[in-house]
Amino acid sequence: MIDPFGRSISYLRVSVTDRCDFRCVYCMAEDMTFLPKADVLSLEELDRLCSAFVRMGVRKLRLTGGEPLVRRGIMTLIDSLGRHLKTGALDELTLTTNGSQLEKYADGLAAAGVKRINVSLDTLDSDKFTELTRWGKLDKVMAGLQAAKAAGLQVKINAVALRGVNDMEFNDLIAWCGDEGFDLVFIEVMPMGEIGEEARIDQYMPLSMARAQIQRKWTLDETDYKTGGPARYYTVAETGRRLGFITPLTHNFCESCNRVRLTCTGTLYMCLGQNDAADLRAPLRLSESDAPLEDAIREAIARKPKGHDFIIDRRQAPAAVPRHMSVTGG
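Residues numbered from 1 in each chain as written. Predicted model: local features only at pLDDT ≥ 70, side-chain atom pairs only at ≥ 80, totals over all residues. Heavy atoms only, no water.

Colleague: Hey, could you run me through the side chain of T123 in this one?
Modeller: Tracing the backbone shows T123 in the loop between β4 (116-120) and α5 (126-133). Judged by relative accessible area, which is 1%, T123 ranks as buried. A distance of 3.0 Å separates the side chain of T123 from the backbone nitrogen of D125, its partner in a polar contact. In terms of polar contacts, T123 uses its side chain to reach the side chain of E169, at 2.5 Å. In this structure, T123 is in contact with K128, F129, L132, L138 and E169, ignoring residues within four places of it in sequence. (Helix = DSSP H or I, 4+ residues; strand = E, 2+ residues; numbered from the N terminus. Buried < 20%, exposed > 50% of the residue type's maximum accessible area, 1.4 Å probe, protein only. Polar contact = N/O pair within 3.5 Å; in protein donor to acceptor, adjacent residues only side chain to side chain. Contact = heavy atoms within 4.5 Å.)

Colleague: Please explain the packing of helix α7 (residues 170-180) against helix α9 (residues 207-214) as it appears in this structure.
Modeller: To describe two helices that pack against each other, one gives the angle between their axes and the distance between the axes. α9 packs onto α7 with a crossing angle of 70° between their chain directions and a minimal axis gap of 10 Å. Judged on the interaxial angle alone, α9 and α7 are roughly perpendicular. Handedness of the crossing formed by α7 with α9: right-handed. On α9, the residues touching F170, N171 and I174 of α7 are A210, Q213 and I214. (Axes fitted to C-alpha atoms, helices over the stretch in contact; angles between N-to-C directions. Parallel < 35°, antiparallel > 145°, perpendicular 65-115°, else oblique. Left-handed = near helix turned anticlockwise from the far one by under 90°.)

Colleague: Could you clarify how one ought to interpret the layout of surface pockets in this entry?
Modeller: Picture a little ball the size of a water molecule; that probe, rolled over the atoms, points out where space is still empty. Reported here for the largest pocket is a volume of approximately 250 Å³. If you go around the largest pocket, the residues you meet are T17, D18, R19, K37, V40, V70, R71 and R72. Looking at the lining of the largest pocket residue by residue, the classes come out as 2 nonpolar, 1 polar and 5 charged. (1 Å grid on protein atoms, 1.4 Å probe; cavity = no way out; pocket = protein on both sides within 12 Å on 5 of 7 lines; lining within 4 Å. Points joined across faces, edges and corners; volume = space filled by probe spheres on them. Nonpolar A, V, L, I, M, F, W, Y, C, P; charged D, E, K, R; others polar.)

Colleague: Can you help me understand the confidence of the model for the protein in this one?
Modeller: A low pLDDT score tells you not to read the predicted coordinates there in detail. Confidence in the prediction for the protein averages 87 pLDDT; 86% of positions are at 70 or higher. Confidence drops under a pLDDT of 50 for residues 310-321, and excluding neighbours within four residues, the segment shows 41 contacts in the predicted structure. (pLDDT = per-residue confidence, 0-100.)

This is the structure:
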């Protein structure tokens, strides 16, 4: 699948649910209204959709949410999608999680062929963690991370850089990841969903500022390492671990975008930061044949935009994209 700008689309991110057992302050409102269960694709339909994308050239599949591991029966889908790894049609099956359910599912993920996972973790302070996630417990996530290590999963920690909240912990996070054998990626807060825009503006920290702060303590060596995502990576000389930066605002990564995102309702977003979308649920249910579905996917890819329109500015009060991150799938 080639988009209008010559980019090969080989990476699909799938939100298997918009529900989550956390309410992170930069991601969700505390009183979220979730989709009616009747609107959500069945696990069998998600399997069929993902398999169509794999057949059409997707080589990397990431399951997201919400929190993917709170979806009832999720291991049935993960086990089924693992067949594409065995045939060689898929290079990688992975997921992004908040870690709350890892203690229960880590062994099953490894058995299904998952090699590495991303875990969202913004602070090592237990009280601050509960404040940021509203409902989360840090000790439960830490137990999950140890279960992931024991299962042989490679772990990458994703931390959203929040001015005045966790910017004083960057060095601690780098040192801890070095001790644990985890890679670490810092992410700029993104203007998605209504959470109170003044709060979001106050949270926003350009990663150029964060990197300058980090380099006062750590030696960052250039590397050409890539995972298929938008992070730019360095090696921390003192720990030997990789440190990445995802900068959708200060330096967008659109020129090399190879990704599209599928929601749990069958809506395909060709860009995280644009509202244009394609309905794949209708052609999926139209026929037992996948021909209408494949036609709809090709038409959608032909509309993929050159880049996003993210901006955080006090003069632009509404979120750049009104849907919450949990809807699109991270």
